[in-house]
Amino acid sequence: MDIRVQEEAFWLGEETEKFASKTSTSGAVVTFTGIVRNNAAGTLERMEIEHYPEMTEKALQSIAGEAKTKWALEDALVVHRFGSLRVGETIMMVATAAPHRKDAFEAAEFLMDFLKSRAPFWKKEITSDDTNWVAAKDTDEAALKRWTK
Amino acid sequence: MDVLYFAWVRERIGLPREVVETTARTVADLVTELSAREERYAAAFADVSALRVALDQELSSFDAPLAGVREVAFFPPMTGG
């Protein structure tokens, strides 16, 4: 499992290829990518992502470790950026590798659900006329519940 | 102990971290103590249901004891991904 928290940009294609070629027994690789999107008014200038360095990697490791106990996962990759990002830039990616696609898809979704509300990142949107901390949604928390059944 | 603040909690209080000398037994006691200091703390802690707390980098709760804890962090619900 590879967990990286970084300020620099990364290249989705390169990361995915490297990840996919690591194991010979994984027939399925699923990737998810989070991208900075503009608001409806088209006024987003940048997004600032703050994190809690001492806690971030620990939290991500524990989420990925749990995914490994739930699915036949051969490998997982999480790359999450922090700092100042512009519209269209890649914020983060998750990749999962498993023998079959069901495990890879479900594990990727699980990782995303937990990453959203259990990994210590906070997003701030800077638009041409104001700045706002992105609020967590009730649905984010609700999404975690379905995995505990 | 070290007390850390993130996102709008950090902005409202006006600093990212500080060393706090306290005899507070629980997180809630520490919040009461900090809130009594100055208006900016009271404003940040006005509604703790809007906040989360981590003790030594593990998510915890406001009724958790502080015995043996070295680092307390207060922040709004996380928005990763």
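Right above here is the structure, for reference.
None of the values given here were measured: they were computed from a predicted structure.

The rules behind the values
- Residues numbered from 1 in each chain as written.
- Chains lettered and ligands numbered in written order.
- Predicted model: local features only at pLDDT ≥ 70, side-chain atom pairs only at ≥ 80, totals over all residues.
- Heavy atoms only, no water.
- Helix = DSSP H or I, 4+ residues; strand = E, 2+ residues; numbered from the N terminus.
- Rg over C-alpha atoms; globule rule 2.2 N^0.38 Å.
- Buried < 20%, exposed > 50% of the residue type's maximum accessible area, 1.4 Å probe, protein only.
- Areas by Shrake-Rupley, 256 points an atom, 1.4 Å probe, with all protein chains shown as cover.
- Lys, Arg positive; Asp, Glu negative; His and termini not counted.
- Charge placed at Lys NZ, Arg CZ, Asp CG, Glu CD.
- Contact = heavy atoms within 4.5 Å.
- Buried area = accessible area lost by both parts, 1.4 Å probe.
- Salt bridge = Lys/Arg side-chain N within 4 Å of Asp/Glu carboxyl O.
- Polar contact = N/O pair within 3.5 Å; in protein donor to acceptor, adjacent residues only side chain to side chain.
- Nonpolar A, V, L, I, M, F, W, Y, C, P; charged D, E, K, R; others polar.
- Pairing = 2+ DSSP bridges.
- Axes fitted to C-alpha atoms, helices over the stretch in contact; angles between N-to-C directions.
- Expected span 1.5 Å × (residues − 1).

**Q** Explain the overall build of chain A here, please?
**A** Scanning chain A from terminus to terminus reveals four helices and eight strands. Expected size for 149 residues packed as a compact globule is a radius of gyration near 15 Å; at 16 Å, chain A falls within 12% of this value. When the backbone C-alpha atoms are referred to their principal axes, chain A occupies close to 50 × 35 × 30 Å. The burial tally for chain A puts 46% of its 149 residues in the buried class. Accessible surface for chain A amounts to roughly 7700 Å². Of this, 50% is attributable to carbon and sulfur atoms. The distance from the centre of the 20 positive side-chain charges to the centre of the 25 negative ones in chain A is 4 Å.

**Q** I tried to follow the interface of chain B and chain A on my own but got confused; where do I start?
**A** Listed as interface residues are 22 residues of chain B and, on the opposing side, 24 residues of chain A. Surface buried jointly by chain B and chain A totals about 1900 Å² across both partners, of which 56% is contributed by carbon and sulfur atoms. Counting across the chain B and chain A interface gives three salt bridges. Glu54 of chain A is paired through a salt bridge with Arg17 of chain B; the nearest N and O atoms lie 3.1 Å apart. Run the count over chain B and chain A and you get 15 residue pairs in polar contact (both at pLDDT 80 or more). Listing elements by their share of the side of chain B that touches chain A, those giving two or more residues are β1 (2-5), α1 (7-13), β4 (58-60) and β5 (71-75) of chain B. In terms of residues, the side of chain B that touches chain A owes the most to one element, α1 of chain B, which gives four residues. For the side of chain B that touches chain A, the per-class residue count stands at 12 nonpolar, four polar and six charged.

**Q** Explain the sheet that holds strand β1 (residues 2-6) of chain A to me, please; I cannot follow it from the model alone.
**A** Whether parallel or antiparallel, the strands of a sheet pair through hydrogen bonds between backbone atoms. Residue and element names in this part refer to chain A. What the four strands build is an open sheet, ordered β1-β4-β6-β2; its pairing is mixed. Each edge of the open sheet is held by one strand with a lone partner, namely β1 and β2 (28-35). Across the sheet, the mean angle from the axis of one strand to that of its neighbour is 5°, orientation sign disregarded. Across five bridges, the pairing between β1 and strand β4 (residues 75-81) is parallel. Along β4, the bridge assignment pairs Asp2 with Leu77. Of the strands in this sheet, β1, β2, β4 and β6 (90-98) are in contact with helix α1 (residues 12-20), which crosses β6 at around 20°. Docked against the sheet, helix α3 (residues 101-118) engages β2, β4 and β6, running at close to 145° with respect to β6.

**Q** Is there a simple way to think about α3 of chain A in this case?
**A** An α-helical segment advances 3.6 residues per turn. Residues three or four places apart therefore align on the same side. Residues and elements named next belong to chain A. For α3, with 18 residues, the first-to-last C-alpha span of 25 Å sits near the 26 Å given by 1.5 Å per residue. Those residues of α3 that sit buried are Ala104, Ala107, Ala108, Phe110, Leu111, Met112, Asp113, Phe114, Leu115 and Ser117. Buried positions along α3 lie against β2, α2 (53-70), β4, β6 and α4 (138-145).

**Q** Would you mind going over the pattern of salt bridges with me for this structure?
**A** Side chains that differ in sign of charge can pair as their charged atoms come close. Residues and elements named next belong to chain A. Using the criterion set out here, one finds 14 salt bridges over all chains in the structure. Here Glu109 ties to Arg146 by a salt bridge, and the two come within 3.0 Å at their closest N and O atoms. Within this pair, whereas Glu109 is found in helix α3, its partner Arg146 is found in the segment after α4, the two being separated by 37 residues in sequence. Residue Arg118 pairs with Glu141 through a salt bridge whose shortest N-O separation is 2.8 Å. Residue Arg118 is found in helix α3, and its partner Glu141 is found in helix α4; the two are separated by 23 residues along the sequence. Under the relative-accessibility criterion, Glu141 is labelled partly exposed at 31%.

**Q** Looking at this structure, how should I read the environment of His51 of chain A?
**A** Inspection of the secondary structure assignment puts His51 of chain A in strand β3 (residues 44-51). On the basis of relative accessible area, His51 of chain A is assigned to the buried category, the value being 13%. Through-space distance from the C-alpha of His51 of chain A to that of Asn132 of chain A is 16 Å; in sequence the pair is 81 residues apart. Other than its neighbours up to four places away in sequence, His51 of chain A contacts Val5, Thr56, Phe82, Pro120, Phe121 and Trp122 of chain A together with Phe6 of chain B. There is a polar contact of 2.9 Å between the side chain of His51 of chain A and the side chain of Thr56 of chain A.

These figures come from the coordinates and say nothing about function on their own.
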